[in-house]
Amino acid sequence: TGDVSRLYDLSGNEIAQFLGEFRKGAFGQNDQRIAIYFQGKTHLYDLTANVFSRFRFNNVVFSPAGDRIVAYSGGENIYHPYDLAGNQNYLYDLAGNLIAEFPGTFYGFSSDGQRLVASSEENITRLYDVSGNEVAEIPGYFDGFSDNGQQVLSFTISEGRLENTYLHDINGNQIKLWTDD
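Residues numbered from 1 in each chain as written. Predicted model: local features only at pLDDT ≥ 70, side-chain atom pairs only at ≥ 80, totals over all residues. Heavy atoms only, no water.

Q: In this structure, what is going on with the pairing of strand E13 (residues 124–129)? I would like to understand it.
A: Consecutive side chains along a regular strand alternate between the two faces of the sheet. Most of E13 is tucked away: six of the six residues are buried. Of the two faces of E13, the one holding Ile 124, Arg 126 and Tyr 128 and the one holding Thr 125, Leu 127 and Asp 129 are both buried throughout. Two strands pair when backbone bridges link them, and E13 and strand E14 (residues 134–139) are joined in this way by five bridges, in the antiparallel orientation. By the bridge assignment for E14, Tyr 128 is matched with Glu 134. The hairpin turn running from E13 into E14, its antiparallel successor, is four residues long, and Gly 132 in that turn takes a positive phi close to 90°. (Buried < 20%, exposed > 50% of the residue type's maximum accessible area, 1.4 Å probe, protein only. Helix = DSSP H or I, 4+ residues; strand = E, 2+ residues; numbered from the N terminus. Pairing = 2+ DSSP bridges.)

Laid out in structure tokens, this is it:
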């Protein structure tokens, strides 16, 4: 009873069936893990439909290397910079072992997978390493990583207007500041 998701190869042959629904970003790097949402939990499967981890959250995001997962509750849009209402995020390895917890709205991993970012209060962006340690606090709302994952762009708003735009390295050192003057 419930939705059945099916996995097919490129020739159209069915490989496996999963009870539940595929989640956005359902496949891990190298496409070896699949996230399926069913009965209030996200289940992590291998490609032969063997379950090896369960998370009590409705959303998971794989790291670029596919070796870490951030699980969080909340809406589908993790990129909304103003939804900071007490969210809690959990960093796991693929076996389902909890590595760390961190507050705020989760935005994603850097392209190299070495940093993840969350905002836990207005006008503050926090960077974490893949062990869950906070490595930097940057002013402003997160606006993106550079293509190589080595810089972070953020911005501040005052009275509904863009105030400042910042460029920092992934260790939190300010590289550039643009003001709205």
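Here the narrative resumes, following the displayed structure.
Q: Please clarify how the packing of aromatic side chains should be interpreted in this entry.
A: For any pair of aromatic rings, the description consists of the separation of the ring centres together with the inter-plane angle of the planes. Scanning the entire structure with this criterion turns up six aromatic pairs. With 5.4 Å between their ring centres and 45° between their planes, Tyr 107 and Phe 142 make a pair best called tilted. Pair noted here: Tyr 107 is in strand E11 (residues 105–109) and Phe 142 is in strand E15 (residues 141–145), with a separation of 35 residues, a long-range link. By relative accessible area, which is 10% here, Phe 142 ends up buried. Three or more aromatic residues joined by ring pairs form one cluster here, namely Phe 102, Phe 106, Phe 109 and Tyr 128. (Phe/Tyr/Trp six-rings, centres within 6.5 Å; stacked < 30°, edge-to-face > 60°.)

Q: Quick question: what am I supposed to make of the environment of Ser 158 here?
A: Position of Ser 158 among the secondary structure elements: in strand E16 (residues 151–158). Taking the C-alpha atoms as reference, Ser 158 lies 9.6 Å from Asn 123; in sequence the two are 35 residues apart.

Q: Is there a simple way to think about unusual backbone geometry in this case?
A: Keep in mind that most residues, glycine aside, have a negative phi and that most peptide bonds are trans. Even without being glycine, Glu 159 reaches a positive phi, approximately 55°. Mapped onto the fold, Glu 159 is located in the loop between E16 and strand E17 (161–169). The exposure class assigned to Glu 159 is exposed, which follows from its relative accessible area of 82%.

Q: Even after reading the chapter, I still don't get the pattern of salt bridges, so can you show me in this structure?
A: Opposite charge on two side chains permits them to pair, given that their charged atoms come into close proximity. Under the counting rule described, the total for this entry stands at two salt bridges. Notably, a salt bridge pairs Arg 126 with Glu 137, separated by 2.9 Å at the nearest N-O pair. With Arg 126 in strand E13 and Glu 137 in strand E14, this pair connects stretches of sequence that are eleven residues apart. Among the residues examined, Arg 126 registers a relative accessible area of 12% and is labelled buried. Of the residues examined, Glu 137 reaches a relative accessible area of 45% and is grouped as partly exposed. Linked by salt bridges that have partners in common, Arg 126, Glu 134 and Glu 137 make up one network. (Salt bridge = Lys/Arg side-chain N within 4 Å of Asp/Glu carboxyl O.)

Q: Any chance you could explain the nonpolar core here in plain terms?
A: In a soluble, globular protein the nonpolar side chains are often hidden away together inside. Of all hydrophobic cores here, the largest spans ten residues; its members are Val 61, Val 70, Tyr 72, Leu 91, Phe 102, Phe 106, Phe 109, Leu 116, Ala 118 and Tyr 128. Listing elements by their share of this core, those giving two or more residues are strand E8 (68–72), E11 and strand E12 (115–121). (Core = buried A, V, L, I, M, F, W, Y, C linked by side-chain atoms within 4.5 Å.)

Q: Help me out: how do you make sense of the sheet that holds strand E9 (residues 88–93) in this one?
A: To summarise the sheet geometry, strands pair through backbone hydrogen bonds and adopt either a parallel or an antiparallel arrangement. With antiparallel pairing, four strands are arranged side by side in an open sheet as E7-E8-E9-E10. The sheet terminates laterally at strand E7 (59–62) and strand E10 (98–103), the two strands that pair on one side only. On average, each strand axis in the sheet is tilted by 25° relative to the strand beside it, whichever way the strands run. Here E7 runs beside E8; their pairing, made up of four bridges, is antiparallel. Within E8, the position partnered with Val 61 by the bridge is Val 70. (Axes fitted to C-alpha atoms, helices over the stretch in contact; angles between N-to-C directions.)

Q: Could you clarify how one ought to interpret the pairing of E17 in this entry?
A: The sheet contact formed by E16 and E17 spans eight bridges and is antiparallel. Following the sheet pairing, Thr 156 is matched in E17 by Asn 164. Turn length for the E16-E17 hairpin, with the two strands adjacent in sequence and antiparallel, is two residues, and the turn residue Glu 159 shows positive phi of about 55°. Bridging between E17 and strand E18 (residues 174–179) involves five bridges; their strand directions are antiparallel. Bridging across to E18, Thr 165 finds its partner in Trp 178. The antiparallel pairing of E17 with E18 creates a hairpin that spans four residues between the two strands, and Gly 172 there sits at a positive phi of about 95°.

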